[in-house]
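Notes for the structure review
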Amino acid sequence: MIAAAAPAARSAAALSSAVAQIWAWLGAVPDPEIPVISIVDLGIVRDVRVAADGACDITITPTYSGCPAMQVIADAITDALHAHGVVQVRLHNQISPAWTTDWMSEAGKAALKGYGIAPPAQQVIDISGLRAGGRAAAAAVSRRAALAPTVACPHCGSQHTEITSQFGSTPCKALYKCLDCREPFDYFKCH
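Residues numbered from 1 in each chain as written. Predicted model: local features only at pLDDT ≥ 70, side-chain atom pairs only at ≥ 80, totals over all residues. Heavy atoms only, no water.

Turning our attention to the environment of Val19. Looking at where Val19 falls in the secondary structure, it is placed in helix 1 (residues 12-26). Residue classification places Val19 among the buried positions, given a relative accessible area of 18%. The spatial distance from the C-alpha of Val19 to the C-alpha of Asp47 is 9.6 Å, given a sequence separation of 28 residues. Look past the residues within four positions of Val19 in its chain and what remains in contact with it is Val48, Arg49 and Val50. (Helix = DSSP H or I, 4+ residues; strand = E, 2+ residues; numbered from the N terminus. Buried < 20%, exposed > 50% of the residue type's maximum accessible area, 1.4 Å probe, protein only. Contact = heavy atoms within 4.5 Å.)

Here the focus is unusual backbone geometry. Following Ser96, the chain continues into Pro97 via a peptide bond in cis, with omega recorded as 5°. Inspection of the secondary structure assignment puts Pro97 in the loop between strand 3 (89-93) and helix 3 (106-115). If you check the backbone angles, Arg182 has positive phi at about 70° while not being a glycine. Residue placement: Arg182 occurs in the loop between strand 8 (173-178) and strand 9 (184-188).

A few words now on helix 2 (residues 70-83). With 14 residues, helix 2 extends 20 Å between its outermost C-alpha atoms, agreeing within 8% with the 20 Å of an ideal straight helix rising 1.5 Å per residue. Close packing links the buried residues of helix 2 with helix 1, strand 2 (56-60) and strand 3. Two residues or fewer past helix 2, Gly85 is found with a positive phi of approximately 90°. (Expected span 1.5 Å × (residues − 1).)

Glancing now at the confidence of the model for the protein. Averaged over all residues, the pLDDT of the protein equals 84, while 82% of them reach at least 70. Contacts for the low-pLDDT stretch residues 3-8, under 50 throughout, to residues beyond four places or in other chains number six contacts. Confidence over residues 127-139 falls short of pLDDT 50; this stretch has eight contacts with residues more than four positions distant or in other chains. (pLDDT = per-residue confidence, 0-100.)

Counting 31 residues, the largest nonpolar core has Ile22, Leu26, Val48, Ile58, Ile77, Leu81 and Phe188 as its most contacted members. Going through the elements one at a time, helix 1, strand 1 (45-50), strand 2 and helix 2 are the ones with two or more residues in this core. Ranked by residue count, the leading element in this core is helix 2, at five residues. Counting contributing residues, this core receives three or more from each of domain 1 (7-93) and domain 2 (104-188). Each residue touching Leu26, except ones within four places of it in the same chain, is listed here: Ser38, Ile39, Val40, Val45, Val48, Ile58, Ile77 and Leu81. Core analysis: the second largest hydrophobic core is formed by eight residues, Ala118, Val151, Cys153 and Cys178 among them. (Core = buried A, V, L, I, M, F, W, Y, C linked by side-chain atoms within 4.5 Å. Domains from an automatic or database assignment.)

The relation between two aromatic rings is expressed through the spacing of the ring centres and the mutual angle of the planes. Inspection of every chain in the model, using the stated rule, returns three aromatic pairs. Measuring from ring centre to ring centre gives 5.4 Å for Tyr176 and Tyr187, while their planes differ by 70°; the resulting arrangement is edge-to-face. On the criterion of sequence distance, the pair formed by Tyr176 in strand 8 and Tyr187 in strand 9 is long-range, its members being eleven residues apart. Both residues of the pair, Tyr176 and Tyr187, belong to the buried class. Three or more aromatic residues link up through ring pairs in this structure, and these residues are Tyr176, Phe185 and Tyr187. Sitting over the ring of Trp103, Arg46 keeps its end group 3.6 Å from the ring centre. (Phe/Tyr/Trp six-rings, centres within 6.5 Å; stacked < 30°, edge-to-face > 60°. Lys NZ or Arg CZ within 6 Å of the ring centre and 35° of its normal.)

Turning to the sheet that holds strand 1, a few remarks are in order. The sheet built from three strands is open, its strands ordered 1-2-3 with mixed pairing. On the outer flanks of this sheet lie strand 1 and strand 3, each paired with one strand and no other. With direction set aside, neighbouring strand axes in the sheet form an average angle of 15°. Summarising the sheet, strand 2 and strand 3 pair through five bridges and their orientation is parallel. Across the sheet, Asp57 pairs through a bridge with Arg90, a residue of strand 3. Running over the sheet, helix 1 touches strand 1 and strand 2 and is turned about 140° from strand 1. Lying on the sheet, helix 2 is in contact with strand 2 and strand 3; it crosses strand 3 at an angle near 155°. (Pairing = 2+ DSSP bridges. Axes fitted to C-alpha atoms, helices over the stretch in contact; angles between N-to-C directions.)

Listed below in structure tokens is the structure:
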């Protein structure tokens, strides 16, 4: 329960303000594997709601099935909200739709680049045919074929790079090297 006021006493504006504040607090929670990016900018936090009983319901999606960091992330969310006076936190893991790098914010991608990790170089989900309504809408969303991306070096900006390993420091990254500045770097794979 949010400590500030009883649930019945909150107006729609106050609830909206509370939800916005919770999003801001979660925006300060770093990803445990890549601490330069928040779990909000990474796209892991999918929804924030304040329930009628005053509890805070947070929906999260792992970056991949079986992600070992999810318990650490769940604990960090709970700790951060408790530190701000949110008494009751309920976490919901949502695995469908699966997380995609398309959910990363532009600020998050810029933070990755500044940290020396090349951000995803292409959009994975094609929603160009999306229109409102049922099966037609669901059928209009498709994953694009995985073409070899042009990955710019986060150190010098050169696009003269090559992959050295499909797996980097974590399973969601690949290892590249720049053929101009000769520096190795991680690339956050599109998926």
